[in-house]
Amino acid sequence: MTTAQSLPTTTTRVPPAPKRGIRLTPAALIWPAMLYLILTTQVPFFMTVYYSFFRYNLVDPTSRPFIGLENYQNLLTDPQNLRILLNTVVLAGGTLILTLIIGGALALLLNRNFLGRALLRTLLISSFLVMPIVTAVIWKNMLLSPTSGLFAWVSQSFGQAPVDWLGQHPMLSVIMMITWEWTPFAALILLTGLQSLPDDQIEAARLDGASPWQEFQHIVLPHWMQAIQVVVLMETIALLQVYGEIYGSTSGGPGIATTNLPYFIYQKAFAEYNIGLASAAGVLTVIFTNILAVYLLRLISRTTASNRGG
Amino acid sequence: MTTVPASRTVSDRHRWRNILLTLLTYLIALAFLFPLVWMILNAFKTEAQAFATPPVFFFTPILDNFQRALPTYLPALRNSLIAALGSTLLAFILGLPAAFALAVYPTRRAQGVLTWMLSTKFMPAVGVIVPLFLLFRNLGLLDTLPGLILMYTTMNLPLVVWMMHSYMSEIPFAIYEAAKVDGASVAQEFFGIALPLSMPGIAATALLALIFAWNEVFFALNLTSADAAPLSVFIGEFKTSQGLFWAQLSAAATLTVLPVLVFGWIAQRQLVRGLSFGAVK
């Protein structure tokens, strides 16, 4: 971190006028933001790493023995925790696949000219803007409830027994809920990706007699890859951190059926006060997420760098 | 003109396919909007109507639910407003100069600094919550608005730097060069050129930051309880309502969601750019 020494590389033919009063250098403008982020993200994270090596429970704050990697060992050997890891992956993966399919279809549909297109496009983002906890409470009570929920009424109207969605298919219900939230994100990013596709490429393919499928496979899809990558990486990172939706609907249950890593850490830290174990799980989540983030950052830097060049 | 009959059948088929596809688009969009429409409808029903099976679609709208929700809604609204506005302001105070310096005085490290700032956004909150909770407890920041503002600023600062850097990079460099020739200082360049010329970008970024802070749940639930509880905590209290207060819950939820919806519809295009950190424009 030697930004402080870095000088402007821009060529100024005329030397800067003599400064009076406080002299602002570019580096002095960057440091406050850097320091703030270091203090509020890096420092607490290193403290999390530190706590993870101790047996530390707030119920008995006086004894805090160093136990090395025992917290990690406990986390990784308890079969129940493998279920939580699996839940995290199923929840993020399932939602990601559904939002890509539905969002992709919506993007293709919205990329046509029709009456009310601008309005639909604008309204479509709505479910993404809803506070996650509102989503959870509304879905849980008014849609999924087996007694008075709207879905129960629909299945009864078709002569079926009402389904206790959150009780019998908890993971599926949570995935449905979060898919509802994130599909607009996928659809709008993918739509923006589609719109930069030049019309003449498709026309040329049509003149060459390409079928719609060939057109999609050889022209649309390659052009779409960057937008798809952005959706996959942004969503994966966000979906690995899903918390409010679970807190507001299933509270991780029944049992641990919908407990993912963030909810597990919340329970360990704020219900059991097991700071050591929660910290170790936090460290693992960060490592897990960062592996993905590295790819995302590389992608974003590459595209913004190339945008500037072009 | 000999191909007219053939092209007419093709265009007829095209037209029908187009109509069907448009209908399908409307149907999917309606399905996505329906839960929200249902929530808003329930906000205007009596409790009995909101809970009734079969569901009530036609009713005389009433405003009682809003009236009953208000006494508990207003303090939470106040907290949400202060936390969202305060953190957005702080993020801009810290982030605008940094974005300016990185855009106008790009060193070899600029891209690295930008990427590093963005990377802090991908730090899962659960990776920092435990020490933050203990620190906040020791510093008396638990359940206070300054505490919440501190964390929301952390969340929004990388976004502000990244977005504003992207907008400020679009200002033609010749304008800065001309100012330098006239002997403008760094501060004059910042306040005289960069800020006024990136006002639309500032507005769009501020809107995004406000929405993110308004909708935040994790820090709100774990760092506040009563005094500083924002709207997310207030709505969370309805999670076990079991059909008792559905109409009132709907009214509270509608009041909570509506401002964000309206702002989001207005800024929809900028939203897409911001959500992908400028990777998709």
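Here the structure is a predicted model, which means the values were calculated and not measured.

The next thing to look at is the confidence of the model for chain A. All names here are of chain A. Residues at a pLDDT of 70 or more form 89% of chain A, whose mean pLDDT is 83. When pLDDT is averaged over each helix and strand of chain A, the minimum, 77, is found for helix α14 (residues 275–309) and the maximum, 93, for helix α9 (residues 170–195). Within the model, pLDDT remains below 50 along residues 1–21, and this stretch shows 27 contacts once partners closer than five positions in the same chain are excluded.

This next bit is on the UniProt feature "transmembrane region" (unreviewed entry) in chain A. Residues and elements named next belong to chain A. Mapped onto the present numbering, the UniProt feature "transmembrane region" (unreviewed entry) falls at residues 29–53, 84–111, 118–139, 171–191 and 275–297. What you have in residues 84–111 is 96% helix and 0% strand, and the ends, taken at the C-alpha atoms, are 39 Å apart. Across residues 171–191, helical content stands at 100% and strand content at 0%; the span's end C-alpha atoms are separated by 29 Å.

UniProt's feature table lists "transmembrane region" (unreviewed entry) at residues 20–41, 81–104, 116–136, 148–169, 190–214 and 245–267 of chain B, given in the numbering used throughout. This span, residues 81–104 of chain B, is 100% helix and 0% strand, and a straight line between its end C-alpha atoms measures 33 Å.

Our next topic: the packing of helix α1 (residues 26–51) of chain A against helix α3 (residues 64–104) of chain B. The interhelical angle for the contact between α1 of chain A and α3 of chain B, taken along N-to-C directions, is 135°, at an axis separation of 8 Å. Judged by the inter-axis angle, α1 of chain A sits oblique to α3 of chain B. Seen along the crossing, α1 of chain A lies across α3 of chain B with a hand that is left-handed. Contacts between α1 of chain A and α3 of chain B involve Pro26, Leu29, Ile30, Pro32, Ala33 and Tyr36 of chain A from the former and Leu90, Leu94, Pro97, Ala98, Phe100, Ala101 and Leu102 of chain B from the latter. By residue class, the composition of the contact of α1 of chain A with α3 of chain B is 13 nonpolar, no polar and no charged.

For the rest of this paragraph, the subject is the UniProt feature "domain: ABC transmembrane type-1" (unreviewed entry) in chain A. Feature annotation in UniProt places "domain: ABC transmembrane type-1" (unreviewed entry) on residues 85–296 of chain A, given in this structure's numbering. Taken as a whole, residues 85–296 of chain A contains 77% helix and 0% strand, while its terminal C-alpha atoms sit 22 Å from one another.

In this section: the packing of aromatic side chains. Applying the stated rule across the entire model yields 36 aromatic pairs over all chains. Measuring from ring centre to ring centre gives 6.4 Å for Phe151 of chain A and Trp165 of chain A, while their planes differ by 75°; the resulting arrangement is edge-to-face. With Phe151 of chain A in helix α7 (residues 150–157) and Trp165 of chain A in helix α8 (residues 165–168), this pair connects stretches of sequence that are 14 residues apart. In this structure an aromatic cluster arises from ring pairing among Tyr243, Tyr247, Tyr263, Tyr266 and Phe270 of chain A together with Phe133, Phe218 and Phe219 of chain B. Cation over ring: Arg64 of chain A sits above Phe54 of chain A, and NZ or CZ is 5.8 Å from the ring centre.

Cut-offs and rules
Residues numbered from 1 in each chain as written. Chains lettered and ligands numbered in written order. Predicted model: local features only at pLDDT ≥ 70, side-chain atom pairs only at ≥ 80, totals over all residues. Heavy atoms only, no water. pLDDT = per-residue confidence, 0-100. Helix = DSSP H or I, 4+ residues; strand = E, 2+ residues; numbered from the N terminus. Contact = heavy atoms within 4.5 Å. UniProt positions renumbered as here; feature names shortened; annotations may be inferred. Axes fitted to C-alpha atoms, helices over the stretch in contact; angles between N-to-C directions. Parallel < 35°, antiparallel > 145°, perpendicular 65-115°, else oblique. Left-handed = near helix turned anticlockwise from the far one by under 90°. Nonpolar A, V, L, I, M, F, W, Y, C, P; charged D, E, K, R; others polar. Phe/Tyr/Trp six-rings, centres within 6.5 Å; stacked < 30°, edge-to-face > 60°. Lys NZ or Arg CZ within 6 Å of the ring centre and 35° of its normal.

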